[in-house]
Amino acid sequence: RLAELAVALETTPSALVSLETPSAPAQVVALLGLRGAGKTTIGRRLARRLHVPFVELDREIERRAGLSLGEVFTLHGEEYYRQLERETLVALLNEGRSVVVAVGGGLVTSPDTYALLRRSATTVWLKAKASDYWNRVIGQGDRRPIDQHPQAREALEDLVARREPLYAHAAATVETTGLTVAQAVERVE
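Residues numbered from 1 in each chain as written. Predicted model: local features only at pLDDT ≥ 70, side-chain atom pairs only at ≥ 80, totals over all residues. Heavy atoms only, no water.

**Student:** In this structure, what is going on with unusual backbone geometry? I would like to understand it.
**Tutor:** Glycine aside, a negative phi is what most residues show, and trans is what most peptide bonds show. For His51, which is not a glycine, the phi torsion comes out positive at approximately 60°. Take His51: it is sitting in the loop between helix H3 (39-50) and strand S2 (54-56). Here His51 falls in the exposed class, since its relative accessible area comes to 74%. (Helix = DSSP H or I, 4+ residues; strand = E, 2+ residues; numbered from the N terminus. Buried < 20%, exposed > 50% of the residue type's maximum accessible area, 1.4 Å probe, protein only.)

If you want it as structure tokens, here you go:
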């Protein structure tokens, strides 16, 4: 009867009685949001909870290019960066492993790349108020926004307004304003 069942299921009797359980399909959780959204902090903790690797797409792009992001932009421009971003994302997705990935805040401005990500991963927008993004970045000791651009705060508010409709296409949204990191991780999970 086992042989008949195996034939009907187009497999072998040994495969039917194998003690190995089939591996679950890879699950990719992609965290989206502006700089200061908490993608790295929340992503690392979420990955630990899920027992999967954490990947920052920008670090993978740097490794692939052999350059820092600043050098990529300075030497080759944004179009080249977006090409590397897509190629790096495709390579990561083709690995077929479960992973939590933090993607760059501007990935959503590349329609094809963003569509690929939404098809291949569970996308989660880490949403916050512009003032939260600002305070988090400054709180990390990064004074570049203030030092390099006198109207940086207004520019950030404009960026939030332009990108929110794009981020809203994510599969889930977690409002992080007023949450601890642990609470945000729990909500994402």
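Picking up after the structure, the text goes on.
**Student:** Would you take a moment to explain the packing of aromatic side chains for this structure?
**Tutor:** The description of two aromatic rings rests on the distance between their centres and on the angle between their planes. Going through the model one piece at a time under the given rule, you end up with two aromatic pairs. For the ring pair Trp125 and Tyr167, a centre distance of 5.6 Å and an interplane angle of 25° mean the geometry is stacked. Of this pair, Trp125 sits in strand S4 (residues 122-127) while Tyr167 sits in helix H9 (residues 152-167); the two residues are 42 residues apart in sequence, bridging distant segments of the chain. There is no split in this pair, since Trp125 and Tyr167 are both buried. Its end group placed over the ring of Tyr114, Arg118 keeps NZ or CZ at 4.5 Å from the ring centre. (Phe/Tyr/Trp six-rings, centres within 6.5 Å; stacked < 30°, edge-to-face > 60°. Lys NZ or Arg CZ within 6 Å of the ring centre and 35° of its normal.)

**Student:** For this particular structure, what's the right way to read the sheet that holds S4?
**Tutor:** In sheet architecture, strand pairing relies on hydrogen bonds along the backbone and comes in two forms, parallel and antiparallel. An order of S2-S3-S1-S4-S5 is seen for the five strands of this open sheet, with the pairing classed as parallel. Single-partner strands in this sheet number two, and they are S2 and strand S5 (172-175). Neighbouring strand axes in the sheet, compared pairwise and without regard to direction, differ in orientation by 25° on average. Relative to S5, S4 runs parallel, the two being bridged by four bridges. Within S5, the residue paired with Trp125 across the bridge is Thr173. (Pairing = 2+ DSSP bridges. Axes fitted to C-alpha atoms, helices over the stretch in contact; angles between N-to-C directions.)

**Student:** In this structure, what is going on with helix H10 (residues 181-188)? I would like to understand it.
**Tutor:** Residues that lie three or four places apart on an α-helix share one face, since the helix turns once every 3.6 residues. Inspection of H10 places Ala184, Val185 and Val188 among the buried residues, and these make up the whole buried set. Taken down its axis, H10 places every buried residue within 100° of arc, on the same side. Summarising the geometry of H10, the exposed residues directed more than 90 degrees from the buried face are Glu186 and Arg187. (Arc of directions from axis to C-beta.)

**Student:** For this particular structure, what's the right way to read the nonpolar core?
**Tutor:** Most often, soluble globular proteins keep nonpolar side chains buried together rather than apart. Residues Leu32, Leu57, Leu89, Val101, Val103, Leu107 and Leu117 are the most contacted members of the largest nonpolar core, which totals 28 residues. Elements represented by at least two residues in this core include exactly strand S1 (28-32), helix H4 (57-65), helix H5 (69-94), strand S3 (99-102), helix H6 (111-120) and H9. If you tally residues by element for this core, the top one is H5, at seven residues. Among the nonpolar cores identified, the runner-up in size contains 15 residues, and Ile42, Val100, Leu126 and Val174 belong to it. (Core = buried A, V, L, I, M, F, W, Y, C linked by side-chain atoms within 4.5 Å.)

Geometry only, nothing functional implied.
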